[in-house]
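In case you want the letters, here they are:
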Amino acid sequence: YPRLYSLSRPLDEGEGMPEEAPAGGVRTKLPRALNSSSELLEPDSVLALDDGRFLTVFVGREATIAPGEWFGGGELDGTPAVLALADGDDDDDSHGRRAARVLRRLRERWTLRPTVRVAWAAAADAERQRSGPATNLLEGFVLRLVEDSLRGKMSYVDYMCGLHAQIIEKLSGNAS
């Protein structure tokens, strides 16, 4: 089940900063996971979707990020990219460094580290204008928002709620 996190400004107090881990040691405080829904896709939003295989960062058309603070190496020209996460000082509380630490922690939770990808909304718009419907990272990002219905089919959550209602109905019918 994919988890969605907001990396938009401002992060809540302490998010992206080191904190003491329950089992000892230090880890980065994560933002709380959000419902995986397209309702959160705003022009200025920056969201991270962790599905275990990929860690995809959605950057809205109007979002302002400092790519050098978030990602290390590679050119960021607004095209979809697979990137490394920037290293930085753990005491640096700039928004970009805090977001990079959150992304690093999300990635490090998995034994097989997910690939970090960036889905630029502005780049997807340009691609659609050039070549018609785009099959790009942005589309893949939206398809993983599991709480949305897709092409007339129920979302996973709606399906499970419907299944639950059917079970309750059967059990109620059997009890009479």
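Each remark here, short or long, concerns the structure printed above.
Participant: Break down the overall build of the protein for me, citing the residues and quoting the values.
Facilitator: A count of helices and strands for the protein gives 5 helices and 9 strands. Along the chain direction, N to C, the helices and strands of the protein fall in the order β-β-β-β-β-α-β-β-β-α-β-α-α-α. The buried share of the protein, taken over its 176 residues, is 39%. In the protein, the share of contacts with a sequence separation of at least 24, taken over all contacts with a separation of at least 6, comes to 62%.

Participant: Let's hear about a nonpolar patch on the surface: which residues, and what values?
Facilitator: The grouping of Tyr159, Met160, Leu163, Ile167, Ile168 and Leu171 at the surface amounts to a nonpolar patch, some 530 Å² of accessible area in total. Mapping Tyr159 onto the fold places it in helix H5 (residues 156–175). Tyr159 gets classed as partly exposed once you look at its relative accessible area, which sits at 44%.

Participant: Kindly report on the packing of aromatic side chains, identifying the contributing residues and their values.
Facilitator: In total, this model carries 0 aromatic pairs according to the counting rule given. One residue, Arg117, lies across the ring of Phe54, its end atom 3.7 Å from the ring centre.

Participant: Explain the side chain of Arg98 residue by residue, including any values.
Facilitator: In this fold, Arg98 is placed in helix H2 (residues 95–108). Nearest to the buried, unbridged Arg98 among oppositely charged side chains is Glu15, at 5.7 Å. Within polar-contact distance, the side chain of Arg98 engages the backbone oxygen of Glu15 at 2.7 Å. When residues no more than four places from it in sequence are discounted, the contact partners of Arg98 are Leu11, Asp12, Glu13, Gly14, Glu15, Gly16, Met17, Asp92 and Asp93.

Participant: Which residues make up the nonpolar core, and what are the values?
Facilitator: Counting residues in each nonpolar core, the largest one holds 19 residues, and the members touching the most others are Leu7, Val46, Val59, Trp70, Leu103 and Leu106. For this core, the secondary structure elements donating two or more residues are strand E4 (46–50), strand E5 (54–59), H2 and strand E9 (115–120). Of all the elements, H2 adds the most residues to this core, at 4 residues. For Val46, the residues in contact, after removing those within four places along its chain, are Tyr5, Ser6, Leu7, Ser8, Val57, Phe58, Ala63, Ile65 and Trp70. Core analysis: the second largest hydrophobic core is formed by 10 residues, Leu4, Leu47, Ala121 and Phe141 among them.

Participant: Break down the pattern of salt bridges for me, citing the residues and quoting the values.
Facilitator: Taken as a whole and assessed by the stated rule, the structure comprises 2 salt bridges. A salt bridge links Glu19 to Arg27; the shortest N-O distance between them is 3.4 Å. Classification of Glu19 as partly exposed rests on a relative accessible area of 27%. What makes Arg27 partly exposed here is its relative accessible area of 31%. With its nearest N and O atoms 3.7 Å apart, the salt bridge here joins Arg109 to Asp50. Taken together, the positions of Arg109 in the loop between H2 and E9 and Asp50 in strand E4 put the pair 59 residues apart, joining distant regions of the chain.

Participant: Lay out the pairing of E4 with the relevant residues and their values.
Facilitator: Burial runs high along E4: 5 of the 5 residues are buried. Across 4 bridges, the pairing between strand E1 (residues 3–6) and E4 is antiparallel. Looking across to E4, one finds that Leu4 is bridged to Leu49. When E4 meets E5, the two strands line up antiparallel, connected through 5 bridges. The partner of Leu49 across the bridge, within E5, is Thr56. What sits between the antiparallel neighbours E4 and E5 is a turn of 3 residues, in which Gly52 has the positive phi angle 90 degrees.

The rules we used
- Residues numbered from 1 in each chain as written.
- Predicted model: local features only at pLDDT ≥ 70, side-chain atom pairs only at ≥ 80, totals over all residues.
- Heavy atoms only, no water.
- Helix = DSSP H or I, 4+ residues; strand = E, 2+ residues; numbered from the N terminus.
- Buried < 20%, exposed > 50% of the residue type's maximum accessible area, 1.4 Å probe, protein only.
- Contact = heavy atoms within 4.5 Å.
- Patch = residues over 30% accessible without salt bridge, like charges linked within 9 Å, V, L, I, M, F, W, Y side chains within 5 Å.
- Areas by Shrake-Rupley, 256 points an atom, 1.4 Å probe, with all protein chains shown as cover.
- Salt bridge = Lys/Arg side-chain N within 4 Å of Asp/Glu carboxyl O.
- Phe/Tyr/Trp six-rings, centres within 6.5 Å; stacked < 30°, edge-to-face > 60°.
- Lys NZ or Arg CZ within 6 Å of the ring centre and 35° of its normal.
- Lys, Arg positive; Asp, Glu negative; His and termini not counted.
- Polar contact = N/O pair within 3.5 Å; in protein donor to acceptor, adjacent residues only side chain to side chain.
- Core = buried A, V, L, I, M, F, W, Y, C linked by side-chain atoms within 4.5 Å.
- Pairing = 2+ DSSP bridges.

Geometric values such as these leave the question of function open.
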